[in-house]
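Secondary and tertiary structure notes
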Amino acid sequence: SLLQENMFKKKTLTLPSDRFSRGRIIGKDGKKIQDIQEVSSAAVVVSGSEVHISAEKEESVKLAERLVMKALEHLEASNVKQKTVKLSRNVVKADITMAVYFTKGI
């Protein structure tokens, strides 16, 4: 009913436009989104590039929002870590190449 619908608190988040964000929120076999719903007592639905959160209590919506944002932060952190590892491998490779170049001349 309209009265029940107005009693629910709602929040919509827009996901970053990458191919990993949806999966990070949903998780393997839907485990992550289930955990978020269980811990927050909110309904969480990923649709397209949006995450829709609704619950009877504002606190539940806020908690679900924080959990979704934390999952996205973890995705961003893992991307930075991967880039750093790639970069450090390239630096080591460059150092070795330079050492070989200069020792060949001796």
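Right above here is the structure, for reference.
A brief report on the enclosed structure follows. Small disclaimer: the values here were computed from a predicted structure and weren't measured.

A few words now on the pattern of salt bridges. Applying the stated criterion to the full structure yields 3 salt bridges. Among the salt bridges present, the one from E65 reaches K11, with a minimum N-O distance of 3.7 Å. Within this pair, whereas E65 is found in helix 4 (residues 58-104), its partner K11 is found in strand 1 (residues 9-14), the two being separated by 54 residues in sequence. Owing to a relative accessible area of 34%, K11 belongs among the partly exposed residues under this scheme.

So, on to the side chain of S40. Structurally, the position occupied by S40 is in helix 3 (residues 31-40). Polar side-chain contacts of S40 include one of 2.6 Å to the backbone oxygen of I36. When sequence neighbours within four positions are dropped, the list of residues in contact with S40 reads S60, L63, A64 and L67.

Conventions adopted
- By convention here, each chain's residues receive numbers from 1 onward along its written sequence.
- Local features are withheld for residues below a pLDDT of 70 in this predicted model, meaning they are given only at 70 or higher, and side-chain atom pairs are given and counted only at 80 or more; totals for whole chains, interfaces and linings count all residues.
- Side-chain numbers come from the whole structure's heavy atoms, not from hydrogens or water.
- In what follows, salt bridge is the name for a side-chain nitrogen of Lys or Arg lying within 4 Å of a carboxyl oxygen of Asp or Glu.
- Each helix corresponds to a stretch of at least 4 residues labelled H or I by DSSP, and each strand to a stretch of at least 2 residues labelled E; elements are numbered beginning at the N terminus.
- Only protein chains enter the area calculation, which uses a 1.4 Å probe; residues under 20% of their type maximum are buried, those over 50% are exposed, and those in between are partly exposed.
- Whenever a nitrogen or oxygen atom comes within 3.5 Å of another N or O atom, the pair is scored as a polar contact, on the condition that within protein one atom can donate a hydrogen and the other can accept it, and that pairs from neighbouring residues in sequence are kept only if both atoms are in side chains.
- In what follows, a contact means two residues having at least one pair of non-hydrogen atoms within 4.5 Å.

So far we have only geometry, and geometry alone does not tell us how the molecule works.
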